[in-house]
Amino acid sequence: MDCLFCKIVRKEIPADIVLEDERFLVFHDIQPKAPLHLLIIPKKHIHSVDHVEIEDKELMGELILTSQKVARMHNLKGYKLQINVGREGGQVVDHIHLHLLADIAK
Ligand code: AMP
């Protein structure tokens, strides 16, 4: 699949990975907009929130739990989660991803 984040999943493009398991990859955003800016992605290619199917509902729940896990790994007291949807919603990479932004980089 000719998708930037699929290439990161397949390790064809390097990324600063902080967590990887069977279904998810978490890595640092290349152009951070906060002291800590992580991207949490499912390894499964899903174009955007607008393309999520009912069969993905467990995966989407796990996406949130993965963000909680990395927040705990970084001892964050608070953080922001953001998903951009579609070009008009600011989405540039067409592989669903959750931005985690926090003030404290650790
Ligand atoms: P969005 O605008 O929601 O599609 O966010 C895409 C994000 O991916 C942006 O914040 C980019 O800085 C980030 N990004 C693009 N290419 C890479 C890359 N090779 N490694 C890490 N982050 C990237």
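Heads up: the structure comes first, above all this text.
Everything numeric in this text was worked out from a predicted model, so none of it was measured. (Residues numbered from 1 in each chain as written. Predicted model: local features only at pLDDT ≥ 70, side-chain atom pairs only at ≥ 80, totals over all residues. Heavy atoms only, no water.)

Caption draft 1: Looking closely at the site of the ligand. Not every one of the 17 residues close to the ligand is listed here, only the nearest: Asp 29, Gly 90, Val 92, His 97 and His 99. A distance of 3.3 Å separates an oxygen atom of the ligand from a polar side-chain atom of Lys 33. A distance of 2.8 Å separates an oxygen atom of the ligand from a polar atom in the side chain of Asn 84. For the ligand, whose accessible area on its own is 500 Å², the fraction buried by protein is 87%. Secondary-structure elements contributing two or more residues to the shell around the ligand are helix H1 (4–9) and strand E2 (24–28). A per-element tally of the shell around the ligand places H1 first, with three residues. Of the residues assigned to the shell around the ligand, the class counts are eight nonpolar, seven polar and two charged. (Near = heavy atom within 4 Å. Polar contact = N/O pair within 3.5 Å; in protein donor to acceptor, adjacent residues only side chain to side chain. Areas by Shrake-Rupley, 256 points an atom, 1.4 Å probe, with all protein chains shown as cover. Helix = DSSP H or I, 4+ residues; strand = E, 2+ residues; numbered from the N terminus. Nonpolar A, V, L, I, M, F, W, Y, C, P; charged D, E, K, R; others polar.)

Caption draft 2: Region of interest: the sheet that holds strand E3 (residues 36–42). Pairing within the open sheet is antiparallel, and its five strands lie in the order E1-E2-E3-E5-E4. Of all strands in the sheet, those bounded by a partner on one side alone are strand E1 (17–20) and strand E4 (80–82). On average, each strand axis in the sheet is tilted by 20° relative to the strand beside it, whichever way the strands run. Of the strands in this sheet, E1, E2, E3, E4 and strand E5 (98–102) touch helix H2 (residues 57–73), which is tilted by about 150° from E3. (Pairing = 2+ DSSP bridges. Axes fitted to C-alpha atoms, helices over the stretch in contact; angles between N-to-C directions. Contact = heavy atoms within 4.5 Å.)

Caption draft 3: Representation of H2 within the structure. With 17 residues, H2 extends 25 Å between its outermost C-alpha atoms, agreeing within 8% with the 24 Å of an ideal straight helix rising 1.5 Å per residue. Restricting attention to buried positions, one finds in H2 the residues Leu 59, Met 60, Leu 63, Thr 66, Ser 67, Val 70 and Ala 71. Down the axis of H2, the buried set is contained in an arc of 135°. They therefore lie on one face. Looking at H2, the residues exposed on the side facing more than 90 degrees away from the buried face are Lys 57, Glu 58, Leu 65 and Arg 72. Buried residues belonging to H2 abut E1, E2, E3, E4 and E5. Asn 75, located one to two residues past H2, shows a positive phi value of around 55°. (Expected span 1.5 Å × (residues − 1). Buried < 20%, exposed > 50% of the residue type's maximum accessible area, 1.4 Å probe, protein only. Arc of directions from axis to C-beta.)

Caption draft 4: Quick look at the packing of aromatic side chains. Within the structure shown, the criterion is met by one aromatic pair. Consider the rings of Phe 5 and Phe 27, whose centres lie 5.4 Å apart with planes at 80°: the pair is edge-to-face. Here Phe 5 is found in helix H1, whereas its partner Phe 27 is found in strand E2, with 22 residues between them in sequence. By relative accessible area, which is 5% here, Phe 5 ends up buried. Its relative accessible area of 3% is what places Phe 27 among the buried residues. (Phe/Tyr/Trp six-rings, centres within 6.5 Å; stacked < 30°, edge-to-face > 60°.)

Caption draft 5: Local environment of a nonpolar patch on the surface. Nonpolar side chains collect at one region of the surface, where Val 49, Ile 83 and Val 85 lie side by side and expose about 190 Å² of accessible area between them. On the secondary structure map, Val 49 appears in the loop between E3 and H2. Judged by its relative accessible area of 36%, Val 49 is partly exposed. (Patch = residues over 30% accessible without salt bridge, like charges linked within 9 Å, V, L, I, M, F, W, Y side chains within 5 Å. Salt bridge = Lys/Arg side-chain N within 4 Å of Asp/Glu carboxyl O.)

Just distances and angles here, no functional claims.
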